[in-house]
Amino acid sequence: MSILVNGSPTKDFWVERGLRQGDPLSPFLFTLIAEGLARLFKRASDIGKFEGYTVSENSNVSLLQFADDTMVVGRGCWKNLWSIKAIFRGFELLSGLKVNFFKSKIYGVNIKEDFMDRASQFLCCCRNLIPFKFLGIPEGANPRRCITWKPVFESLKKKLSIWKAQLLSIGGRVTLINAEDGTEWSRILRARYGDIKHSVLAGRGQRANRKLSTWWKDILTASVSKTNFVDYFAGNISFKLGSGSNIQFWHIIWSGNNNLENQFPAVYNLSRLQNGSIAEMGAFHRGNWSWNVNVPAESLLADPVAAVEALELIQRIAMTKPIEDATDMVIWRHNQDGVFSVKSCYSLIRDRNKEDILPNETLKALMMVWETNIPSKIKVFGWRVLLNRLPSRDQLVKRKIIQNDEEKVCVLCAAKDEDLEHLLFNCSFSQKVWDNMQGWLKLNMVEQATGLNHLFLFTQGLKGKVK
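Scoring rules and cut-offs
Residues numbered from 1 in each chain as written. Predicted model: local features only at pLDDT ≥ 70, side-chain atom pairs only at ≥ 80, totals over all residues. Heavy atoms only, no water. Helix = DSSP H or I, 4+ residues; strand = E, 2+ residues; numbered from the N terminus. Contact = heavy atoms within 4.5 Å. Core = buried A, V, L, I, M, F, W, Y, C linked by side-chain atoms within 4.5 Å. Buried < 20%, exposed > 50% of the residue type's maximum accessible area, 1.4 Å probe, protein only. Phe/Tyr/Trp six-rings, centres within 6.5 Å; stacked < 30°, edge-to-face > 60°. Lys NZ or Arg CZ within 6 Å of the ring centre and 35° of its normal. Disulfide = S-S within 2.5 Å. Patch = residues over 30% accessible without salt bridge, like charges linked within 9 Å, V, L, I, M, F, W, Y side chains within 5 Å. Areas by Shrake-Rupley, 256 points an atom, 1.4 Å probe, with all protein chains shown as cover. Salt bridge = Lys/Arg side-chain N within 4 Å of Asp/Glu carboxyl O. pLDDT = per-residue confidence, 0-100.

> How should the overall build of the protein chain be read in this particular structure?
Summing up its helical and strand segments, the protein chain has 19 helices and 14 strands in all. Here the contacts in the protein chain between residues at least 6 apart in sequence split such that 46% fall between residues at least 24 apart.

Written as structure tokens, this is what we have:
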């Protein structure tokens, strides 16, 4: 046997003391042995000693296995009972594993009560009723009823209630961030923490939902520009009008570059449906749409400013009409096709916060790291190196985690103070590691290359050598 260290096998050695409990090799050995049990049942079915459940002409099920959970499926008859007992006894003799019949259970579907009682005594196992749980999923219950899935939802809810984002690895956080809307994980997160979609679209920020987790609040906080406090997402979307039932008439941007509440504040204050949708601001009559913004005429006569605004509002919306039975759509205004992309959003934020723009070489290096087909934890490590965000000792001093000058020394060479450049490139230990790697890969790099130069030279040297 040999062990892989960083992908390279070590020298072979003899296994002498067997496997201990918890050894990672144990599940593989158990799977190999459990496969023998499946072969025994298949052989018994082939020779007619065991009658499984016939799904179709070419499909017959006799055994279902997952890890150490096993379900035997067959016709309720004495021949099957004798075969089960004989197969399990033979499996015990061959493998050394003993079946605990007292923890096993027997279930019957359309089987007489007296036969189930005698079968339970014959196999020395407990009798139970359907529905039952197999791998945590209710079996035999009506899958269309909500009460069937309630235990599953409760189990997920308990696990999510104690779930902490701090326990996720950095690679897991990257996966979480990259999860697309509509995936199973995103649905679980919304079930646990609430849906902030409508809050963001309405530009209400953190005040919209006090039950949001710290993560959701951080996302909303990050979505606010430092300069003018305008939400970069809600402030840069508009709606393509369909039926209008999902678009608020006053609060959502659907006509022009601002919402109607801000464009016509005097009319908004007089409106009787300030939170109404577009579909509620009019009606279809024989296929033709007519507007009714629900503002009392006597109020307009008493307020000249509101009357002028009402006239402008009618002129603005006169040419825009809902489409009956059509779907409202969200449009991202910074893409020609109206589809949101992270690239366009990043460009928007970067243009608004020009003081935070990274040098072109750093951006090129970051793009190179993220587009490389390597494990996510390696990508995150490279990203932190390029941005000098690793917890080296000089950074720990800045954060006042280390206050003793003697602790600032490099832990590898104990010759100089530790910073990122010294730790990864200039330390005598690190230089030996790089020299060995260059020898293995047959590279000739310029000495003393650090940071970005080291990344570019190393990448250039690997081209054509590693595929």
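> Please explain the nonpolar core as it appears in this structure.
As a rule of thumb, soluble globular proteins bury nonpolar side chains together. Among the nonpolar cores identified, the biggest contains 19 residues, and Leu37, Phe41, Leu81, Ile84, Phe88, Ile106 and Leu123 are the most heavily contacted of them. The contact partners of Phe41, leaving out residues within four places of it in the chain, are Phe50, Ser62, Leu63, Val72, Ile84, Ile87 and Phe88. Core analysis: the next-biggest nonpolar cluster, separate from the first, contains 18 residues, Phe249, Phe264, Val267 and Met281 among them.

> Is there a simple way to think about the packing of aromatic side chains in this case?
We describe a pair of aromatic rings using the distance from one ring centre to the other and the angle between the two ring planes. Taken as a whole, this structure holds 13 aromatic pairs when the rule is applied. An angle of 10° between the planes, with centres 6.4 Å apart, marks the rings of Phe425 and Trp434 as stacked. For Phe425, a relative accessible area of 12% corresponds to the buried category. Given the relative accessible area of 22%, Trp434 is considered partly exposed. Every member of this aromatic cluster is reached through a ring pair, and the members are Phe249, Trp250, Tyr268, Phe284, Trp289 and Trp291. One residue, Lys85, lies across the ring of Phe122, its end atom 4.6 Å from the ring centre.

> Can you help me understand the state of the cysteines in this one?
Here, the word disulfide means a covalent bond between the sulfur atoms of two cysteines. What the rule picks out here adds up to zero disulfides. Cysteine Cys427 remains unbridged, with the sulfur of Cys413 as its closest cysteine sulfur at 3.7 Å.

> Honestly, the side chain of Gln395 in this entry has me stumped. Any pointers?
Among the secondary structure elements, Gln395 is positioned in helix 16 (residues 393–398). We classify Gln395 as buried; its relative accessible area is 11%. Setting aside chain neighbours within four positions, we find Gln395 in contact with Asn388 and Leu390.

> Sorry if this is basic, but what is going on with a nonpolar patch on the surface here?
Where nonpolar side chains cluster on the molecular surface, the patch consists of Met1, Ile3, Val5, Phe13, Leu25, Phe28, Leu29, Phe30, Leu32, Ile33 and Leu97 and spans about 980 Å² of accessible area. Mapped onto the fold, Leu29 is located in helix 1 (residues 26–46).

> Explain the confidence of the model for the protein chain here, please?
Do not read the fine detail of predicted coordinates wherever pLDDT is low. Averaged over every residue, the pLDDT of the protein chain is 76; the share at 70 or more is 77%. This stretch, residues 223–230, has a pLDDT under 50; its non-local contacts, to residues over four places away or in other chains, come to eleven contacts.

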